[in-house]
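Below, each chain spelled out in residue letters.
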Amino acid sequence: MNTWTICGQAVACGEKKQIMLTADIAGCEMPAVMIKGQKPGKTVLITAAVHGDEYPGIIAAIRAANEIDPAAVTGQILIIPCVNTAGFWAGSRYVPSDGANLNANYPGKADGTAGERIADFFVRHIFPQTDFIIDLHSGSAMEPLTPCLFFPDTAGDVVRQAAKAAACITDIPYLIASTATTGHYSYAASALKIPGLLLERGHSGLCEDSWVEAYYRDIRLLLRHLAVYPYNDNKAVCPKKVFHKTIYLSAAHAGLWFPAITANAAVKEGNLLGRMEDFFGNTIAEYRAQADGTVFYYRRGLAVKQGQELVAYGLERYAE
């Protein structure tokens, strides 16, 4: 095949093309770079800013798009550095017009709200041409985190093993087996059997150079692992711990939240994770660890509504 076509946009062998993708929604054009190699191989999708306020992955994806030489590519690479453009410009993790969380909104609807139509666009036009997904995230403005990633755990052995093998070559220490099925990468894995990873690095609405550099290296390590693009880097990556069970603790009451932990903290069963108070300083509830574990991320903001997530921590007794 001498050309590769996405949504009516074609690129020839050994070429790179900057395009704008649209889900037929006003104000929702997505910048994308199509790269087609000289030889056939896998098609890799790299996305960032599924949540519009998560920044390091955007810059790492742009750098990769600019620096990858099509002549050295085997297969195809589609890089979308900003999926949720409306959210990006609004400084919001969600799609502003309908409040959709694109990482919990799949498969979407062709005639639905903006968020539903974006999800449907990927399901119908992008995922069917994809062999592996690299989805770059960060902690939100109120969510400090330690570098971690999620791989699909409910999509069958073939998908699970392909994703886990890729996860092991990144420079991220904590690998989290995920049972999610309605997110950007997780729907593709569970429903369409496309392996992929959701990587988390950086937090608090910041875009530190070290996070961008680390993400750029993760991208290159993964493309090398997938035999799509060479990378001359023999430095060791960090040791890995795989967590097969994670507690996602949500607020039982609205109130003022005072966390007692930090990202990457080790907690013991019964340790205080944080407490909720009212406006009079009365304690509404205390939240304690259900078992020994490692904190991946937590909520830092004072104002918390009922049902909002407070802490995510992996359980040591389910780790390897």
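What you are looking at is a predicted structure, and each value in this text was computed from that prediction instead of being measured.

### Observations concerning the nonpolar core
Grouped together as the largest cluster of nonpolar side chains are 43 residues, with contacts concentrated most on L21, I80, I118, F122 and F127. Per-element accounting of this core gives the leading share, 7 residues, to helix 3 (residues 114-126). For I118, the contacting residues outside a window of four places in its chain are A23, I25, C28, V83, V95 and L102. With 39 residues, the next largest nonpolar core counts V33, I79, L199 and I219 among its residues.

### Section: the pattern of salt bridges
As enumerated under the stated definition, the model contains 15 salt bridges in all. R93 is paired through a salt bridge with E54; the nearest N and O atoms lie 3.1 Å apart. Note that R93 is positioned in the loop between helix 2 (85-90) and helix 3 and E54 in the loop between strand 5 (39-48) and helix 1 (56-67), a separation of 39 residues in sequence. One salt bridge connects D218 with R201, and the closest N-O pair in it is separated by 2.5 Å. Of this pair, D218 sits in helix 6 (residues 209-225) while R201 sits in the loop between strand 10 (196-200) and helix 6; the two residues are 17 residues apart in sequence, bridging distant segments of the chain.

### Thoughts on the packing of helix 1 against helix 6
For the pair helix 1 and helix 6, interaxial distance at closest approach is 8 Å and the crossing angle is 50 degrees. Comparing the axis directions of helix 1 and helix 6 gives the class oblique. For the pair helix 1 and helix 6, the crossing hand works out as right-handed. Counting all contacts with helix 1, which are made through P56, G57, I59, A60, A61, R63, A64 and E67, the residues of helix 6 involved are W211, V212, E213, Y215, Y216 and I219.

### Focus: the sheet that holds strand 11 (residues 241-243)
Pairing in this open sheet of 9 strands is mixed, and the strands run 3-4-6-5-7-10-8-9-11 from one edge to the other. In this open sheet, the two edge strands, each paired with only one partner strand, are strand 3 (15-22) and strand 11. In this sheet, neighbouring strand axes are inclined to one another by 20 degrees on average, regardless of whether the strands run parallel or antiparallel. As defined by bridge partners, strand 8 (residues 148-152) adjoins strand 9 (residues 174-178) across 5 bridges and the pair is classed as parallel. Across the sheet, P152 pairs through a bridge with S178, a residue of strand 9.

### Observations regarding the side chain of T170
You can see T170 is positioned in the loop between helix 4 (157-167) and strand 9. For T170, a relative accessible area of 0% corresponds to the buried category. A polar contact is formed between the side chain of T170 and the backbone oxygen of A167, at a distance of 2.8 Å. With sequence-adjacent residues up to four places away left out, T170 is seen in contact with L149, D218, L221, L222, V237 and K240.

### Describing the pairing of strand 4 (residues 29-36)
Of all the 8 residues making up strand 4, 6 are buried; the element is thus mostly covered by neighbouring parts of the structure. In the sheet, strand 4 pairs with strand 6 (residues 74-80) via 4 bridges, with the strands oriented antiparallel. The partner of I35 across the bridge, within strand 6, is I77.

### Looking at the environment of Y55
Within the secondary structure layout, Y55 lies in the loop between strand 5 and helix 1. Residue classification places Y55 among the partly exposed residues on the basis of a relative accessible area of 22%. Taking the C-alpha atoms as reference points, Y55 and S138, separated by 83 residues in sequence, lie 7.1 Å from one another. In contact with Y55, not counting residues within four places along its chain, are F88, G91, S138, G205, L206 and C207.

Rules behind the numbers
- For every chain, the first residue of its written sequence is number 1, and the numbers climb from 1 along that sequence.
- Given that the model is predicted, a residue must reach a pLDDT of at least 70 before its local features are reported, and side-chain atom pairs must reach 80 or more before they are shown or counted; all residues, however, enter totals for whole chains, interfaces and linings.
- Derived side-chain values reflect all non-hydrogen atoms in the structure, with water molecules and hydrogen atoms excluded from consideration.
- The criterion is simple. A nonpolar core is a set of buried Ala, Val, Leu, Ile, Met, Phe, Trp, Tyr and Cys residues joined through side-chain atoms within 4.5 Å.
- Burial classification: accessible surface area is computed with a 1.4 Å probe over protein chains only, and a residue below 20% of its type maximum counts as buried, one above 50% as exposed, and the rest as partly exposed.
- Each helix corresponds to a stretch of at least 4 residues labelled H or I by DSSP, and each strand to a stretch of at least 2 residues labelled E; elements are numbered beginning at the N terminus.
- For this analysis, residues touch if any pair of their heavy atoms sits within 4.5 Å.
- By definition here, a salt bridge exists when the distance from a side-chain nitrogen of Lys or Arg to a carboxyl oxygen of Asp or Glu is within 4 Å.
- Under this scheme, a helix contributes an axis fitted over its contacting stretch, all axes are lines through C-alpha atoms, and angles between N-to-C directions fall in the 0 to 180 degree range.
- An angle below 35 degrees is read as roughly parallel, one above 145 as roughly antiparallel, one from 65 to 115 as roughly perpendicular, and any other as oblique.
- Handedness of each helix crossing follows the sense of rotation of the near helix against the far helix: counterclockwise by less than a right angle gives left-handed, clockwise gives right-handed.
- Paired strands are those between which DSSP finds at least two bridges.
- Any pair of N or O atoms that falls within 3.5 Å is considered a polar contact. Within protein, one atom must be able to donate a hydrogen and the other to accept it, and sequence-neighbouring residues count only if both atoms are side-chain atoms.

Function cannot be inferred from these measures alone, as they are strictly geometric.
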